[in-house]
Amino acid sequence: MNDRSRLVSRALLPFAVVFALSTVGSLGTAANAPLSAPTIVVPYGASEYKYQVVSVDDGIGFERPDFDDSAFAVGDAGFGSREGYCELNNTGDVRTEWPVETDLLVRKPLDLPAGTTDVVVYVAVDNDVQVFINGYDVSDGLQFHEGCPSLGSFSFAVPDSLLQVGTNLLAVRARDRGVLAYLDLEVTRRSRLRLG
Ligand SMILES: [Ca+2]
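Reference entry: report on the structure contained in this document. Fair warning: this is a prediction, and the values are worked out from it, not measured in the lab.

**Some remarks on the coordination of the calcium ion**
Consideration 1: Around the calcium ion, the protein supplies D126 (OD), N127 (OD1), D176 (OD), G178 (O) and L180 (O) as donor atoms, at distances of 2.2 to 2.6 Å.
Consideration 2: One chain supplies every donor for the calcium ion, spaced along it as D-N-x48-D-x1-G-x1-L. With a gap of 54 residues between them, D126 in strand 7 (residues 116–126) and L180 in the loop between strand 11 (166–175) and strand 12 (182–191) connect regions that are remote in the sequence. Like D126, the residue L180 is buried in the burial classification.

**Some thoughts on the pattern of salt bridges**
Consideration 1: Throughout the structure, instances matching the rule amount to 10 salt bridges.
Consideration 2: Between R175 and D57 there is a salt bridge whose closest N-O contact spans 2.7 Å. Remark: D57 occurs in the loop between strand 2 (49–54) and strand 3 (73–75) and R175 occurs in strand 11; sequence separation between them is 118 residues.
Consideration 3: Using a relative accessible area of 13% as the deciding quantity, one classes R175 as buried.
Consideration 4: The exposure class assigned to D57 is partly exposed, which follows from its relative accessible area of 46%.
Consideration 5: Its salt-bridge partner being D76, residue R95 comes within 3.8 Å of it at the nearest N-O pair. One end of the pair, R95, is in the loop between strand 4 (79–80) and strand 5 (96–97); the other, D76, is in the loop between strand 3 and strand 4, with 19 residues separating them in the sequence.
Consideration 6: Taken together, the shared-partner salt bridges connect D57, D103, R173 and R175 into one network.

**Description of the state of the cysteines**
Consideration 1: Within this structure, the stated rule accounts for one disulfide.
Consideration 2: A sulfur-sulfur distance of 2.0 Å marks the disulfide that ties C86 to C148. Across the disulfide from C86 to C148, rotation about the S-S bond amounts to roughly -80°, and the bridge is consequently left-handed. Taken together, the residues span a long stretch of sequence, with C86 in the loop between strand 4 and strand 5 and C148 in the loop between strand 9 (136–137) and strand 10 (154–158) at a distance of 62 residues.

**Looking at the packing of aromatic side chains**
Consideration 1: Enumeration according to the criterion identifies five aromatic pairs in this entry.
Consideration 2: A centroid spacing of 5.7 Å and a plane angle of 80° characterise the contact between Y49 and F79, whose relative ring orientation is edge-to-face. Placement of Y49 in strand 2 and of F79 in strand 4 is noted, with a sequence separation of 30 residues between them. With respect to burial, Y49 and F79 carry one shared label: buried.

**Considerations on the pairing of strand 2**
The side chains of a regular strand alternate between the sheet's two faces.
Consideration 1: In this sheet, strand 3 lies alongside strand 2 in antiparallel orientation, the contact comprising three bridges. Residue pairing in the sheet places Y51 in a bridge with A73 of strand 3.
Consideration 2: The sheet contact formed by strand 2 and strand 6 (residues 103–112) spans five bridges and is antiparallel. The residue bridging Q52 from the neighbouring strand is L105, located in strand 6.

Each value, and the rule that gives it
- Residues numbered from 1 in each chain as written.
- Predicted model: local features only at pLDDT ≥ 70, side-chain atom pairs only at ≥ 80, totals over all residues.
- Heavy atoms only, no water.
- Donors = N, O, S within 2.8 Å, 3.2 Å for Na, K, Ca; no water.
- Helix = DSSP H or I, 4+ residues; strand = E, 2+ residues; numbered from the N terminus.
- Buried < 20%, exposed > 50% of the residue type's maximum accessible area, 1.4 Å probe, protein only.
- Salt bridge = Lys/Arg side-chain N within 4 Å of Asp/Glu carboxyl O.
- Disulfide = S-S within 2.5 Å.
- Phe/Tyr/Trp six-rings, centres within 6.5 Å; stacked < 30°, edge-to-face > 60°.
- Pairing = 2+ DSSP bridges.

Laid out in C-alpha cells, this is it:
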C-alpha cells in the first residue's frame with residue numbers, strides 16, 4: 001500500500017464503520033446516530049457494592065437515589081451460598097455471604113458519560129430479582145427464577161429517559177426462597193458515535 005492509498009483508507013475508515021453500524025444496528029434513535037458496540041460499566045464479580053440483608057419485603061425505599069445507605073455494609077459480588085450443587089455456588093464466585101430465605105438489597109453508583117445509550121442490566125440470581133435505575137423499576141416488578149443461577153439469565157433494558165450524565169444509581173432487590181442463594185450483576189452501555 002503506498003502513502004496515498006493508506007491516507008485514503010484512513011480517511012474512509014470512519015465512514016465505513018459508521019455505515020456498517022447504521023446498517024446493522026439501527027435502533028431508531030431520535031438522533032439516528034450510529035452506536036458503539038456495548039462496553040461494560042459494571043462487570044460480573046464487581047467490588048464495593050453497598051448491601052444489606054433484610055427480611056422479606058423490608059427495606060422499603062432503598063432504591064431511591066436519596067436513600068441513606070450509611071447503615072449498609074460494603075461487599076463484593078457475587079453474593080450467596082459458598083457451597084452447593086450449582087456451578088456458581090463456590091468459594092471463588094461467591095465473595096460475600098448472603099443467607100438463604102432473606103432479601104438482599106444492593107446499591108451501586110454508575111458513572112455514565114455524555115452520549116450514553118442502551119444501558120442493559122444482566123443478572124444471575126437464585127431466586128428472584130427486581131432492578132431499579134435512579135429509583136425507577138426497570139424489571140417490571142420482582143421477576144421469579146427457579147433452579148441454579150446462570151450469567152445473563154435475565155437482562156433488563158434501561159430506557160434512555162431514565163439516564164443522566166454523571167452519577168446514576170443501580171439498586172437491586174434479590175430474594176431467596178431456600179436451599180441456595182446467589183446474585184451477581186453486569187451493566188453495559190453503548191454510546192452515540194460523533195461524526196467528524
Ligand atoms: Ca434459592
